[in-house]
Amino acid sequence: MSLTDSSDTKWRKGAIAGGVWGTSEMTLGSFLHNLRIPFKGHILTAIGIAILSAFGMKWRTSGMFYRAGLTSAMLKAFSPSPKVVVPMVAITIEGFLFELGTRILGRNVIGFLVSGGLAMQWAVLHKVIRLLILYGASIYTVYEQLFEKAATGLELPFINPVYGIVFVFALSFAVGAGASAVGCAAAAKSNGSDEPITFGDRQTAPAGTMMQGCAGRHSLLWLLLHIAVIAVVVGFMDKSEWLAYILLVYSLAVSVRYRNFLKRFASWKIWLPIFVISFVSGFVLKSPEGKFISTPGFLEGIRLAVRAFVTTCALSGLVSEMGHPLIAGFFRRRYGDRIDSVLSVAWGTVNTVAPSVKVRTLIKNPVKGIAGMMDSVLSSDRKRAILITGEVNGGKTTFLKAFLSTLPSDAEVRGFVAEAVFEDGTKTGYSITDVRTGESAELCRRTKDGFYFEPAGLAFGEKCMGEAPYKNMYAVFDEVGHYEMRGGGWDTLIKKVTAGGAAPVIAVRRSLVDKVCGRYGLVNPEIYDVDNIKVQAVEPAV
């Protein structure tokens, strides 16, 4: 199934918007995580809302927003972090909330502002739900009592504790609406086309998912047991003081069964807040009037801590068992082609956008940053990449030279072509020739361990490409192979010039076309197969 068909326009647009959203999660998320910036989740949500609004202003396509959320959530599943389930759920729900707002008020500025406010509510609501699941309804009683004590201590007039919650949600709504306004401004600043890009070849996703480490130990009985325990904890834990201790045996069994998975959660940063909240809540709920620390309060704190531990184990076990072959097989049979097609477009978008993302610009001037991300996938004046493909020693370089001679005389062309070097009829290496000056240099020579690349030859190749700006020039690479796919050779230089707006002209063997397109985000490239096209007939579409 291909998303380039007109009937799949909504999914294609959603996959592109979701790919940009996913790129912001990867790049900006890592930046915020490394700097330990507080409210990281809220910042990422706001950027995601701005991206949805920006693409909504460009395309105004119904059904695009929840598709973008689903796409971004799928990209999140490939994160190496063990804590991906909650962000995946959050991104999905935010996409649906944004979609809901536009369905009610329309795909216009007002609709986007309200939709952004609605989507931002989940950043607060999921924390409330998490507290209720971990500690039960009694957590609100704790909040109420602490709120009243704080008001009394500060000698403030009586304020209903509900007002505090309303204020937090109202503030969250205002932030979300502001994020949507940023997105609308970014759409106005963008110079991109209103038409979405298409991908000429399949893009590949990196190996690995959040289920790594759990394979081979799936059980439907354990899956049903985890669901039952969560239901019991939510429905009956507050009605029995001893139920938490009974379920502690279950938690210990879970800890043994999923010990490799739970090792990822063995951090004091995760458990310390849980135990602090548990014991503070216990003292507030059970201690006698005028006395904070007491034996009943201590025992209640232990019960709440056990409840939180049981719930965490049940949820972790449930996540592990979701990778059961029957469940995975069901989704693969029913949605496999759709998922593959969406991820193909999404990863192509990520590979296109990521090299041009400037995190500092995105933070300091989000309007400019988001507009730039949009332009990297929507620019209507950018030249398409050109691939010259064939088999090894199949005449790619000869064809490439003929192709370059057909380019307009005023076209800016930089780069190099490679020529084999022979000694006594045996190929001993390659040299490269600057397409502008005709100068040559040795690139590599054959050794008993393979080809050795001369540092001077690689430096000469960079010299052939010259300095920025690269926009709208043709950047010739002859050729790109397995070495570049491993991050060597011309890999960095290709990323540099494509990010600068150049149209790469790449000679590549036929078996590597898909990998090259995926690695460098080459969208809808012109592909010339030397075995199927006559050299004399080559005329590039400029």
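Here, the structure is the one placed above.
It should be emphasised that the depicted structure is a prediction, and the values quoted were computed from it without experimental measurement. (Residues numbered from 1 in each chain as written. Predicted model: local features only at pLDDT ≥ 70, side-chain atom pairs only at ≥ 80, totals over all residues. Heavy atoms only, no water.)

Chemist: Explain helix α5 (residues 109–135) residue by residue, including any values.
Modeler: For α5, with 27 residues, the first-to-last C-alpha span of 40 Å sits near the 39 Å given by 1.5 Å per residue. Residue Val 124 marks the point of greatest curvature in α5, where the axis turns by about 30 degrees. Looking one or two residues beyond α5, the residue adopting positive phi is Gly 136, at roughly 85 degrees. (Helix = DSSP H or I, 4+ residues; strand = E, 2+ residues; numbered from the N terminus. Expected span 1.5 Å × (residues − 1). Bend = angle between axes of the 7 residues up to and from the residue.)

Chemist: Break down the packing of aromatic side chains for me, with residues and values.
Modeler: In total, this model carries eleven aromatic pairs according to the counting rule given. The interplanar angle of 25 degrees and the centroid separation of 5.1 Å between the aromatic rings of Tyr 66 and Phe 96 together place this pair among those described as stacked. Of this pair, Tyr 66 sits in helix α3 (residues 64–76) while Phe 96 sits in helix α4 (residues 85–105), placing them 30 residues apart in sequence. Both rings, one in Phe 416 and one in Trp 490, keep their centres 4.5 Å apart while their planes meet at 45 degrees; by these two values the pair is tilted. In this pair, Phe 416 is assigned in strand β2 (residues 413–423) and Trp 490 in the loop between α18 (482–485) and α19 (491–499), connecting sequence segments 74 residues apart. Overall, Phe 416 belongs to the buried group, its relative accessible area being 0%. Members of the aromatic cluster, each reached through a chain of ring pairs, are Phe 65, Phe 98 and Phe 112. (Phe/Tyr/Trp six-rings, centres within 6.5 Å; stacked < 30°, edge-to-face > 60°. Buried < 20%, exposed > 50% of the residue type's maximum accessible area, 1.4 Å probe, protein only.)

Chemist: Residues and numbers for the pattern of salt bridges, please.
Modeler: Counting across every chain of the model gives twelve salt bridges. With a shortest N-O distance of 3.5 Å, Asp 491 and Lys 495 are connected by a salt bridge. Of this pair, Asp 491 and Lys 495 both sit in helix α19, four residues apart, which is roughly one turn of that helix. (Salt bridge = Lys/Arg side-chain N within 4 Å of Asp/Glu carboxyl O.)

Chemist: Any details on the sheet that holds strand β7 (residues 503–509)? Residues and values, ideally.
Modeler: Backbone hydrogen bonds hold the strands of a sheet together, and the pairing may be parallel or antiparallel. Strand order in the open sheet made by the eight strands is β5-β4-β3-β2-β6-β7-β1-β8, with mixed pairing throughout. Of all strands in the sheet, those with a lone pairing partner are β5 (450–453) and β8 (526–529), marking the two edges. Here the strands of the sheet are splayed against their neighbours by 20 degrees on average, with no regard to which way each runs. Relative to strand β3 (residues 426–434), β2 runs antiparallel, the two being bridged by eight bridges. Residue Phe 422 lies in a different strand from β3, and its bridge partner there is Lys 427. Helix α16 (residues 396–404) rests against β1 (386–390), β2, β6 (474–480), β7 and β8 of the sheet, and its axis sits at about 150 degrees to β2. (Pairing = 2+ DSSP bridges. Axes fitted to C-alpha atoms, helices over the stretch in contact; angles between N-to-C directions. Contact = heavy atoms within 4.5 Å.)

Chemist: Explain the nonpolar core to me, and be specific about the residues and the numbers.
Modeler: Within the largest apolar cluster, 48 residues are counted, with the highest numbers of intra-cluster contacts made by Phe 55 and Ile 370. With eleven residues, the top contributor of residues to this core is helix α2 (residues 40–59). Ignoring sequence-local partners within four residues, the contact set of Ile 370 consists of Ala 50, Ile 51, Ala 54, Val 182, Ala 186 and Leu 362. If you look at the next biggest cluster of nonpolar residues, it comprises 29 residues, including Leu 493, Ile 506, Val 508 and Tyr 520. (Core = buried A, V, L, I, M, F, W, Y, C linked by side-chain atoms within 4.5 Å.)

Chemist: I'd like a rundown of the packing of α3 against α4, residues and numbers included.
Modeler: Running from N to C, α3 and α4 cross one another at 170 degrees; their axes reach a closest spacing of 7 Å. The angle between α3 and α4 falls in the class roughly antiparallel. Facing Met 64, Phe 65, Tyr 66, Gly 69, Leu 70, Ser 72, Ala 73 and Lys 76 of α3, the residues of α4 in contact are Pro 87, Met 88, Ile 91, Thr 92, Gly 95, Phe 96, Phe 98, Glu 99 and Thr 102. The residue makeup of the contact of α3 with α4, split by class, is ten nonpolar, five polar and two charged. (Parallel < 35°, antiparallel > 145°, perpendicular 65-115°, else oblique. Nonpolar A, V, L, I, M, F, W, Y, C, P; charged D, E, K, R; others polar.)

Chemist: Requested: an account of the pairing of β5, with residues and values cited.
Modeler: For strand β4 (residues 440–447) and β5, the ladder comprises four bridges, and the chain directions are antiparallel. Along β5, the bridge assignment pairs Arg 446 with Phe 451. Counting the residues in the hairpin turn of β4 and β5 gives two residues.

Chemist: Can you lay out unusual backbone geometry for me, pointing to particular residues and giving the numbers?
Modeler: Cis geometry marks the peptide bond from Ala 468 to Pro 469, where omega comes out at 10 degrees. Looking at the secondary structure, you find Pro 469 in the loop between α17 (455–465) and β6. The amide bond that connects Asp 478 to the next residue, Glu 479, takes the cis arrangement and shows omega of -10 degrees. The topology assignment puts Glu 479 in strand β6. Unlike most non-glycine residues, Asn 472 shows phi in positive territory, near 65 degrees. Inspection of the secondary structure assignment puts Asn 472 in the loop between α17 and β6. What makes Asn 472 partly exposed here is its relative accessible area of 26%.

Chemist: Hey, could you go over the environment of Val 86 for me, with residue numbers and the actual values?
Modeler: With respect to the secondary-structure elements, Val 86 resides in helix α4. Residue Val 86 is classed as exposed on the basis of its relative accessible area of 54%. Along the chain, Val 86 and Ala 73 lie 13 residues apart, while their C-alpha atoms are 10.0 Å from each other.

Chemist: A description of the pairing of β3 should follow, citing residues and the corresponding values.
Modeler: Between the end of β2 and the start of β3, which pair antiparallel, lie two residues, with Asp 424 showing a positive phi angle near 55 degrees. Summarising the sheet, β3 and β4 pair through five bridges and their orientation is antiparallel. By the bridge assignment for β4, Gly 429 is matched with Arg 445. Here β3 hands over to β4 after five residues, with Gly 438 in that stretch at a positive phi of 80 degrees.

Chemist: Describe the side chain of Asp 478, naming the residues involved and giving the relevant values.
Modeler: Mapped onto the elements of the fold, Asp 478 is located in strand β6. A distance of 2.8 Å separates the side chain of Asp 478 from the side chain of Thr 397, its partner in a polar contact. Here the side chain of Asp 478 touches Ala 418 through a polar contact of 2.8 Å, landing on its backbone nitrogen. Once you skip the residues sitting within four places of it in the chain, Asp 478 turns out to touch Thr 397, Leu 400, Phe 416, Val 417, Ala 418 and Ala 507. (Polar contact = N/O pair within 3.5 Å; in protein donor to acceptor, adjacent residues only side chain to side chain.)

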